[in-house]
Amino acid sequence: MAGVAGGNDFQWCFSQVKGAIDEDVAEADIISTVEFNHSGELLATGDKGGRVVIFQHEQECKNRPNLRGEYNVYSTFQSHEPEFDYLKSLEIEEKINKIRWLPQQNSAHFLLSTNDKTIKLWKIGERDKRAEGYNLKDEDGRLRDPFRITSLRVPVLMPMDLMVEASPRRVFANAHTYHINSISVNSDHQTYLSADDLRINLWHLEITDRSFNIVDIKPANMEELTEVITAAECHPNQCNVFVYSSSKGTIRLCDMRTAALCDSHTKFFEEPEDPSSRSFFSEIISSISDVKFSHSGRYMMTRDYLSVKVWDLNMENRPVETYQVHEYLRSKLCSLYENDCIFDKFECCWNGSDSAIMTGSYNNFFRMFDRNTRKDITLEASRESSKPRATLKPRKVSTGGKRKKDEISVDSLDFNKKILHTAWHPKENVIAVAATNNLYIFQDKIN
Amino acid sequence: MINTTECAVDAQSLISISLRKIHNSRTQRGGIKLHKNLLVSYVLRNARQVYMNEKYAEIYRMQQYEEVMTVCNEIQELNPLDLAEDCEEQRGDCCGNGGVSEPASLCCALLPVSQLVAVQSAHMQPPSACSAPLSLQSDEVCKETEPSFYQSCCAEAYPVSNCEFSPVNNLHCNKTTVLDLDTHVVTTVENGYLHQDCCASLQQCCQGAQYSGKKRKVDFEYYISDIEEVPDFTPCKRAKFEDCSYANSEHLDTSNISNLISIFGSGFSGLVSRQADIEQALALNGQFCSKQALSSLGAMTRAIVAF
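Residue indices begin from 1 for each chain and proceed along its sequence in written order. For naming, the first written chain is A and the first written ligand is 1, with later ones following in the order written. Two thresholds apply to this predicted model, a pLDDT of at least 70 for residue-level local features and 80 or more for giving and counting side-chain atom pairs, whereas whole-chain, interface and lining totals are computed over all residues. Calculation of side-chain values draws on the structure's entire complement of heavy atoms; hydrogens and water are dropped beforehand.

## Description of the overall build of chain B
Line of reasoning, step 1. Secondary structure assignment for chain B yields 13 helices and three strands.
Line of reasoning, step 2. Each residue is placed in one exposure class: buried if its accessible area under a 1.4 Å probe, protein chains only, is under 20% of its type's maximum, exposed if it is over 50%, and partly exposed if it falls in between. In chain B, which comprises 307 residues, the share counted as buried stands at 56%.
Line of reasoning, step 3. Note on contacts: a residue pair is in contact if any heavy atoms of the two residues lie within 4.5 Å. For chain B, long-range pairs separated by at least 24 residues make up 74% of all intrachain contacts whose partners lie at least 6 apart in sequence.
Line of reasoning, step 4. Only the protein chains shown count as cover for residues, and the accessible areas themselves come from Shrake-Rupley with a 1.4 Å probe. Working note: accessible area of chain B is about 13,100 Å², and carbon and sulfur atoms make up 55% of it. Only DSSP runs of H or I reaching four residues or more are called helices, and only runs of E reaching two or more are called strands; each is numbered from the N terminus.

## Remarks on the packing of aromatic side chains
All names here are of chain A.
Line of reasoning, step 1. By convention, a stacked pair of Phe, Tyr or Trp rings (six-membered ring in the case of Trp) has centres within 6.5 Å and planes under 30 degrees apart, an edge-to-face pair has planes over 60 apart, and any other such pair is tilted. Evaluation of the coordinates by the stated rule reveals 19 aromatic pairs over all chains.
Line of reasoning, step 2. Ring centres 4.9 Å apart and planes at 35° place the aromatic pair Y323 and F369 in the tilted group. With Y323 in strand 23 (residues 321–324) and F369 in strand 26 (residues 365–370), the pair connects residues that are 46 residues apart, well separated along the chain. Here the two residues Y323 and F369 agree in accessibility, since each one is buried.
Line of reasoning, step 3. Here the aromatic rings of Y337 and F343 are separated by 5.8 Å at their centres, their planes lie at 50°, and the arrangement is tilted.

## Quick notes on the nonpolar core
All names here are of chain A.
Line of reasoning, step 1. Here, the term nonpolar core denotes a set of buried Ala, Val, Leu, Ile, Met, Phe, Trp, Tyr and Cys residues that are joined through side-chain atoms within 4.5 Å. By size, the foremost hydrophobic cluster in this structure holds 40 residues, and its most contacted members are F281, Y305, L329, Y337 and I342.
Line of reasoning, step 2. In this structure Y305 touches I285, S287, H326, L329, L333, L336, C341, I342, D344, F346 and Y362, once residues within four positions along its chain are discounted.
Line of reasoning, step 3. Among the nonpolar cores identified, the runner-up in size contains 18 residues, and F14, F366, L379 and Y440 belong to it.

## Brief notes about the packing of helix 1 (residues 11–25) of chain B against helix 2 (residues 34–78) of chain B
All names here are of chain B.
Line of reasoning, step 1. Orientation is described by lines fitted to C-alpha atoms, with helices fitted over the stretch in contact, and by angles between N-to-C directions that extend from 0 to 180 degrees. At a minimum axis separation of 9 Å, helix 1 and helix 2 run at an interaxial angle of 155°. Our classification of the angle between helix 1 and helix 2 gives roughly antiparallel. Helix-helix and strand crossings are classified by hand; for helix 1 and helix 2 the assignment is left-handed. Contacts from A11, Q12, L14, I15, S18, L19, K21, I22 and S25 in helix 1 reach N37, V40, V43, L44, A47, R48, V50 and Y51 in helix 2.
Line of reasoning, step 2. Classifying every residue of the contact of helix 1 with helix 2 by side-chain character gives 11 nonpolar, four polar and two charged. Geometric relationships in this document are graded by angle, where less than 35 degrees denotes roughly parallel, more than 145 denotes roughly antiparallel, 65 to 115 denotes roughly perpendicular, and other angles denote oblique. Note: crossing handedness is left-handed where the near helix turns anticlockwise from the far helix by less than a right angle, and right-handed where it turns clockwise. Ten residue types, Ala, Val, Leu, Ile, Met, Phe, Trp, Tyr, Cys and Pro, are classed as nonpolar, four, Asp, Glu, Lys and Arg, as charged, and the remainder, Gly among them, as polar.

## Comments concerning the state of the cysteines
Residue and element names in this part refer to chain A.
Line of reasoning, step 1. Note on terminology: pairs of cysteine sulfur atoms within 2.5 Å are recorded as disulfides. According to the stated counting rule, one finds zero disulfides over all chains in the structure shown.
Line of reasoning, step 2. This cysteine, C254, is not joined by any disulfide, and C262 carries the nearest cysteine sulfur, 5.3 Å off.
Line of reasoning, step 3. Under the relative-accessibility criterion, C254 is labelled buried at 0%.

## Let's talk about helix 1 of chain B
Residues and elements named next belong to chain B.
Line of reasoning, step 1. With 15 residues, helix 1 ought to run about 21 Å at 1.5 Å a step, and its terminal C-alpha atoms sit 21 Å apart, in line with that.
Line of reasoning, step 2. In terms of residue burial, helix 1 counts as a mostly covered element, since 12 of its 15 residues are buried.
Line of reasoning, step 3. Those residues of helix 1 not exposed but buried are A11, Q12, S13, L14, I15, S16, I17, S18, L19, K21, I22 and S25. In this analysis, the expected span of each helix is defined as 1.5 Å times one less than the number of residues it contains.

## Examining the pairing of strand 12 (residues 182–185) of chain A
Residue and element names in this part refer to chain A.
Line of reasoning, step 1. Taking every second residue as pointing to the same face, both faces of strand 12 are buried, with S182 and S184 on one and I183 and V185 on the other.
Line of reasoning, step 2. One ladder, built from four bridges, connects strand 12 with strand 13 (residues 191–195); its direction is antiparallel. Of the residues in strand 13, the one forming a bridge with I183 is S194.
Line of reasoning, step 3. Connecting strand 12 to the antiparallel partner strand 13 that follows it, the hairpin turn spans five residues, and H189 within it adopts a positive phi of roughly 60°. At least two bridges found by DSSP between two strands are what make those strands a pair.

## Some points on the sheet that holds strand 11 (residues 156–172) of chain A
Residue and element names in this part refer to chain A.
Line of reasoning, step 1. One open sheet holds the four strands; their spatial order is 8-9-10-11, and the pairing between them is antiparallel. Looking at the sheet topology across the chains shown, the edges are occupied by strand 8 (98–101) and strand 11. Put simply, the sheet's adjacent strands are angled 25° from each other on average, direction ignored.
Line of reasoning, step 2. The sheet contact formed by strand 9 (residues 109–114) and strand 10 (residues 119–132) spans six bridges and is antiparallel. From the neighbouring strand, F110 faces strand 10, where its bridge partner is K123.

## Section: the confidence of the model for chain A
Line of reasoning, step 1. The predictor's confidence in any single residue is recorded as pLDDT, a number from 0 to 100. Summary statistics for chain A give a mean pLDDT of 92 and a share of 95% for residues scoring 70 or more.
Line of reasoning, step 2. Of the regions scoring below 50 in pLDDT, residues 5–9 of chain A engages in seven contacts with residues more than four places distant in sequence or in other chains.

## Examining the pattern of salt bridges
Line of reasoning, step 1. Salt bridge, as applied in this entry: a Lys or Arg side-chain nitrogen positioned within 4 Å of an Asp or Glu carboxyl oxygen. Under the defined criterion, the tally for this structure stands at 36 salt bridges over all chains.
Line of reasoning, step 2. Note that A:E206 and A:R170 form a salt bridge whose closest N and O atoms lie 2.4 Å from each other. Of this pair, A:E206 sits in the loop between strand 14 (199–204) and strand 15 (212–216) while A:R170 is found in strand 11, placing the two residues 36 residues apart along the sequence.
Line of reasoning, step 3. The exposure class of A:E206 is exposed, given its relative accessible area of 52%.
Line of reasoning, step 4. Overall, A:R170 belongs to the partly exposed group, its relative accessible area being 23%.
Line of reasoning, step 5. A salt bridge links A:D376 to A:R367, with the shortest nitrogen-to-oxygen separation between them at 2.7 Å.
Line of reasoning, step 6. By relative accessible area, which is 39% here, A:D376 ends up partly exposed.
Line of reasoning, step 7. Here the residues in one salt-bridge network are A:E91, A:E93, A:E94, B:R29 and B:K33, joined through shared partners.

## Structural notes on the side chain of A:D312
All names here are of chain A.
Line of reasoning, step 1. Its location among the elements puts D312 in strand 22 (residues 307–312).
Line of reasoning, step 2. The exposure class of D312 is buried, given its relative accessible area of 9%.
Line of reasoning, step 3. In the analysis that follows, any N or O atom pair within 3.5 Å is treated as a polar contact, provided that within protein one partner can donate a hydrogen and the other can accept it, and provided that, for residues neighboring in sequence, both atoms belong to side chains. Within the structure, D312 has its side chain in polar contact with the backbone nitrogen of N314 (distance 2.8 Å).

## Comments concerning unusual backbone geometry
Residue and element names in this part refer to chain A.
Line of reasoning, step 1. A positive phi angle, near 65°, is found at N174, a position not held by glycine.
Line of reasoning, step 2. Tracing the sequence through the fold places N174 in the loop between strand 11 and strand 12.
Line of reasoning, step 3. With phi around 60°, R389 is a residue other than glycine that occupies positive phi space.
Line of reasoning, step 4. Within the secondary structure, R389 is located in the loop between strand 27 (376–380) and strand 28 (396–398).

## Regarding helix 2 of chain B
Line of reasoning, step 1. In this model helix 2 of chain B runs 64 Å from its N-terminal to its C-terminal C-alpha over 45 residues, within 8% of the 66 Å that 1.5 Å per residue would give.
Line of reasoning, step 2. Of all 45 residues in helix 2 of chain B, 32 are buried; the element is thus mostly enclosed.

Structure (structure tokens):
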């Protein structure tokens, strides 16, 4: 796959934007998760209002072979509703924290969506035929009087307009005391894990009334709590291996074959802290907000507040690559703490060939790093540069001294416009970037 | 050492900002976010460390100056002609640096003696309480009787009942009702540890007191960081403030945090009590930011916290 930053064949250009244009953004419309399915044909988003919207990639236009097809709305459904736990007097938000697709096994599509407490398995299926000619009921559904039926007939399947239905097939509830932050489908396609602040549970997709607790870091005395689990993921091809990251900036790799309870890790990944960079906020900025295995399974990537790190699973004492996302914010940590931006949880993602990684930043900027050429690029998701097939211009933040033309100064950054969620198509150079309530889709220009 | 020059916001305002965040999190939709509050408590701990370091440095400098002056005056009374010059010359050195490292000066040479006297006049706790690691301190409670100094580090355990009924302590011994979200067990956590009055008045009832594992890791950390980061401090001098932590420094885990339960339950007043004491000791003017934050938040002497 070609390089991400300029170079020979690679130019990112605008494709589509989904969502309202209003300046006044409803909280419920804020996108909280974005995920391509395994083929890249479907793109799912979840929002703070508990809704899931699925876009489908249309086939390429025959008239314009150079243009990839667009993503159009395929299905929309309300996944989670706000709830109230009366026993604990706690309100449970309906915000969708994560969506994960199951590998497709038949014509229907399945995905897992979760809020803070409950995971649901949804089936998204198509219906394009309808049975007509029932014996016991009329065409409009009214029941017929059985005594009036004098003959029998076989119902016939007639074509109908395509209808996409989403139905909840499983509800996995009451297994998490704390807030769920991650779900991950296992490579065995039968189990998945869910992680909250202190525990990780292993589920079977068919069984909803129980799960196995495989990690529990809750101390006997809560006063001794020093770290929480921030993210967890199953290994892409070893179904016995998973990792979880912590608020202390460490990652633990666990092998489920070693013990039923994986409290003791198989591998422990931690980079020693640089004592000269110690500050009031050292603990906050070292907290890992996302962990993702590479598609190959050889590497994993972690995101903390200021950087992205790539780790080789065979080396625990330091990452093999470190990329600074927005180092210019290091001197602004006080303000970012005051306005709560320092607690933002940015995600990161790999491209299909693991040669590039992407993550978000503020001012609707997002960053891509080419692991081979070590080049990086900053792009912006904005309505202004949203002309069809317009090439995105690289952006630059001036870090001090003279601000060059087209550069933006750190103090001018809009910290309300944050890109926390991005996704990269598993096979092609198409990316989805969630900017508050808008979903931007960019693709490379096919030369 | 925390680099405090990185931003204009000082430790005090960070403390008040952090307390406000924790307070606001109680009313946020979706329940208390454990991760965020844990991170805020780290900032709170860091800010307090820096703040206490600065305050102790200030106190030490002022106290050392006063002591030197006192000693010099006493000496002058004995032999005003011989020693006046020495005192004049050496006073600056004595007060400017750690003091006891300058034996040449008569004033400074007398410092250790004076400090030793001061220490001896105070009640020294049994060595076992001091040397035992924090996790083992339970029954061996120090018998400090220096109410004007911070003693809570020694008095680990309080009987709940005494704390509750003591008239002095009703104001300070806050109780938190904690609901364990897993077991649905409700427990009451005493956290009057941050108040010296509570400790002092409990001297008699602290002897042999047992309390199930309520450790005050908070305070010890601060002292340890003082030792590590301010090597000028004389251990003897420090003994006037807190007496038992230093010997334990190697046993204590500084990565432990001031626990969320204590922060939530103390009504935040406990977190600023020491500042109030220091304020009195130094006769400083001006409000502490945290105090202002407190008054706007309102007192919370009992809170139900769900973890």
